[in-house]
Amino acid sequence: MSDADTELEARLEEQDSFEPPESFVEQANVSNPDIYEEFEENWPECWEAAADMLDWETEYDQTFDGSNPPFFEWFTGGELNASANCLDRHLDERGDEVAIEWVGEPTDEANRTYTYEDLHREVNEAAAALREMGVGEDDVVTMYMPMIPELPIAMLACARIGAPHSVVFAGFSADALATRMNAADSEYLITCDGYYRRGDPLDHLEKANEGLDNVEHDTETVVVERLPEDDAFDHDLRDDQRLWVDAVHAHKGAEVEPVARDAEDMLFLMYTSGTTGEPKGVKHTTGGYLSWAAWTSHAVLDIKPEDTYFCSADIGWITGHSYIVYGPLALGTTTMMYEGTPDHPERDRLWEIVEEYEATQLYTAPTAIRAFMKWGSEFPDQHDLSSLRLLGTVGEPINPRAWKWYYKHIGNEECPVVDTWWQTETGGMMVTTLPGVKEMKPGSAGPALPGIDAEIVDTTGEQVEPGRAGYLTIQKPWPGMLRTLYQNDERFVDEYWREYSDTDSDDWRDWTYFPEDGAKIDEDGYITVLGRVDDVINVSGHRLGTMEIESAIVGVEGVAEAAVVGGDHEMKGEAVYAYVITEDGYDGDEELRDAIIQGVEDGIGPIARPEQVIFTPELPKTRSGKIMRRLLEDIANGAELGDTSTLRNPDVVASIQEQVQK
Ligand code: WTA
């Protein structure tokens, strides 16, 4: 490092707030600081600004309907179609402009570029194919696909005919696919033969087929052939399966009229982890969700039609839904898709893509930033990243050091960094700085967005003093919010509302949304999110339920009981620690350890793989028999343990502690 660099590092280290760069503010989509006050005074009508970002076939007659809490409705009476908003309305002005720029993992493979006209054509053909298969309005179509263009094409085709999609992350296991298809009664699956990971072709259809074996009803499958012949696996399609080329290309040139959907009609389902073992089917609607994705893309990501916007998330997660597909396409911009990992073939792959396509925004996750930081700045330094105008992060808290590294080495101190807090359930961003308005404080996501009413409260619901830890709550509804959990209104109320609402009240003001995150707020209203307070852990920005992992482990022969907690991890944020009691006659040996790891990979997927498996004759329990999870977390973290004398079995602690490798 040169002296100048050292000096700069020292200065950055001390600085705890950053003004948005003047050059950015001058051109920002939102730069008027009065927006906070205006939205507050004008709530809920302020959200007409979001609805105005869309084209409506029928104007809505009510902005917000709070008459049946917590089943809130937005833009009621309005009708629209999401695919028409993402495609058709851009054709006149932007038909020749690029909608999706797709980069495959192999560097010797040609990239695929879809203009808005191309995408419109392919979506229409796919919609015609789905119709022919019998997919009707409100039939749930499952997609189990990696980052290939047919995924957004299939999603938009579903949206066009009013069939909700349910995308299952391709890295999830066969079991996870089956659980989700069963839960959603989904009779249709779109998947692919395989894809590339770090240079190797992966057999994806084999996994999909294993999943289908456990689906309880009849299904029909469409298979996209992603792999070129040389790398393709040998598969015979079953009778209820056909190739995408056959299904879709039979409809060359077809035009499918976009179905007018009610604002409140379901656009998609997305399964996510919660406190119990069973994933939750989060339901998002057409009007509220799409307007939220569009408005936040405009206000926070500062997307303009002429941009080349790059989000490195996977479409299999909510970030990809809102900020690779729906938000960017609703705004008519160019959205990038990258199939591979950031370190293949080299650790500069993302920077090479940013340079080659002159990406204007980069939206990624803290876990990726920590990896970039560890690899070193020589990788971004090899590339011209001056096209970038804004940087974003999402998924987990970002520590100030990683934030500053991102700001300096990727943004060259010229790009605002938006640290965006939100969830699958919120549909889009909720707490973050407006990049053209607010100063940034590394480590703090920022104030709630205009029109969003966030409070940090204690267990009784009273607001806590600035600086003190409490619970994040959202006091007013917003258009992008989930409407319910699929076919489970009761669980919806229990999971998100019961904690802080007067559930007997029919006045919406008495209802408070609880995201299950801990947080603190400073004097300026900046919120620092501290992490989940339920049994959800966040591994590399991926949300996993400890109960789901436990049930996968307990399914392994030789395991009697298991407790899973998240322990701190330098790169992943959190890692899975599994404490396991063996059945009589079984040893906690390498063989069982491997079987447990395999069990988790089969039950959920490799992302949930335990970092450590700790065998123990007993789990620490309270007198009432509850497993002391907090204690297990402290043990995983090698932290100082508090008083353990209230345990029923204090003696087990030392023996467990000895086994944890730190
Ligand atoms: C966490 C991802 C701190 C949080 C969009 C939340 C964050 C969970 C941030 C949702 C952030 C997300 N700072 N924590 N900027 N963003 N989280 O549903 O715990 O996969 O509840 O949605 O991620 O994860 P989900």
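The model shown is predicted, which means the values in this text are computed figures rather than measured ones.

**With respect to the overall build of the chain**
Helix and strand content of the chain: 22 helices and 30 strands. Relative to the 2.2 N^0.38 estimate, which gives 26 Å for 662 residues, the radius of gyration of the chain is 24 Å and therefore close to what a compact globule would have. The buried share among the 662 residues of the chain stands at 61%. Restricting to contacts in the chain with at least 6 residues of sequence separation, those with at least 24 account for 71%. Summing over all exposed atoms, the chain offers an accessible surface of approximately 26,000 Å²; the carbon and sulfur share of this is 40%. Taking the average place of the 48 positive charges on the side chains of the chain and the average place of its 137 negative ones, the gap between the two points comes to 4 Å.

**Observations concerning the pattern of salt bridges**
For the structure shown, the criterion picks out 37 salt bridges. Here Arg112 and Glu150 are joined by a salt bridge, their closest N and O atoms 2.8 Å apart. Remark: Glu150 occurs in helix α8 (residues 150–161) and Arg112 occurs in strand β5 (residues 112–115); sequence separation between them is 38 residues. Note on Arg112: relative accessible area 30%, which makes it partly exposed. A relative accessible area of 10% places Glu150 in the buried class.

**A short note on the UniProt feature "domain: AMP-binding enzyme C-terminal" (unreviewed entry) in the chain**
Under the present numbering, the feature "domain: AMP-binding enzyme C-terminal" (unreviewed entry) in UniProt falls on residues 548–626. Helix makes up 27% of residues 548–626 and strand 32%, with an end-to-end C-alpha separation of 18 Å.

**Brief notes about the UniProt feature "domain: Acetyl-coenzyme A synthetase N-terminal" (unreviewed entry) in the chain**
Taken from the UniProt record, the annotation "domain: Acetyl-coenzyme A synthetase N-terminal" (unreviewed entry) applies to residues 34–86. In this annotation, residues 34–86 is assigned 30% helix and 19% strand; the end-to-end C-alpha distance for the span is 30 Å.

**Let's talk about the domain arrangement of the chain**
Here the domain parsing of the chain yields domain 1 (116–258), domain 2 (469–529) and domain 3 (535–661). The gap between the C-alpha centroids of domain 2 and domain 3 is 30 Å.

**Quick notes on a negative patch on the surface**
A grouping of Asp34, Glu37, Glu38, Glu40 and Glu41 is seen on the molecular surface, where their side chains present a negatively charged patch. Along the chain, the position of Glu40 falls in helix α3 (residues 35–41).

**A word on the confidence of the model for the chain**
Overall, the prediction assigns the chain a mean pLDDT of 96, with 99% of residues at 70 or greater. Of all helices and strands in the chain, the one with the weakest mean pLDDT is helix α1 (residues 3–14) (77), whereas helix α5 (residues 82–86) scores best (99). Both scores are given for the predicted complex: the pTM is 0.95, the ipTM 1.00.

**Topic: the sheet that holds strand β6 (residues 141–144)**
Within the open sheet, the 8 strands sit side by side as β12-β11-β8-β6-β7-β14-β15-β23. Their pairing is mixed. Looking at which strands have only one partner, the edges of the open sheet turn out to be β12 (241–243) and β23 (484–485). Inspection of the sheet shows β6 paired to strand β8 (residues 188–192) by 4 bridges, in the parallel sense. Each bridged residue has a counterpart across the sheet, and for Met143 the counterpart in β8 is Ile190. Here helix α9 (residues 174–183) sits on the sheet and contacts β6, β8 and β14 (266–272); the angle it forms with β6, its principal contact strand, is near 170°. Where helix α13 (residues 318–330) meets the sheet, it contacts β7 (165–167), β14 and β15 (280–285), and its direction lies at approximately 145° from that of β14.

**Observations regarding the sheet that holds strand β17 (residues 334–338)**
For sheets, the rule is that strands pair by backbone hydrogen bonds, running either parallel or antiparallel. Strands sit in the order β5-β4-β17-β16-β18-β19-β20 across an open sheet of 7 strands; the sheet is mixed. On the outer flanks of this sheet lie β5 and β20 (417–420), each paired with one strand and no other. Ignoring strand direction, the axes of neighbouring strands in this sheet form an average angle of 20°. Sheet analysis places strand β19 (residues 390–394) next to β20, joined by 4 bridges and oriented parallel. Within the sheet, the bridge partner assigned to Thr393 lies in β20 and is Asp419.

The rules behind these values
Residues numbered from 1 in each chain as written. Predicted model: local features only at pLDDT ≥ 70, side-chain atom pairs only at ≥ 80, totals over all residues. Heavy atoms only, no water. Helix = DSSP H or I, 4+ residues; strand = E, 2+ residues; numbered from the N terminus. Rg over C-alpha atoms; globule rule 2.2 N^0.38 Å. Buried < 20%, exposed > 50% of the residue type's maximum accessible area, 1.4 Å probe, protein only. Contact = heavy atoms within 4.5 Å. Areas by Shrake-Rupley, 256 points an atom, 1.4 Å probe, with all protein chains shown as cover. Lys, Arg positive; Asp, Glu negative; His and termini not counted. Charge placed at Lys NZ, Arg CZ, Asp CG, Glu CD. Salt bridge = Lys/Arg side-chain N within 4 Å of Asp/Glu carboxyl O. UniProt positions renumbered as here; feature names shortened; annotations may be inferred. Domains from an automatic or database assignment. Patch = residues over 30% accessible without salt bridge, like charges linked within 9 Å, V, L, I, M, F, W, Y side chains within 5 Å. pLDDT = per-residue confidence, 0-100. Pairing = 2+ DSSP bridges. Axes fitted to C-alpha atoms, helices over the stretch in contact; angles between N-to-C directions.

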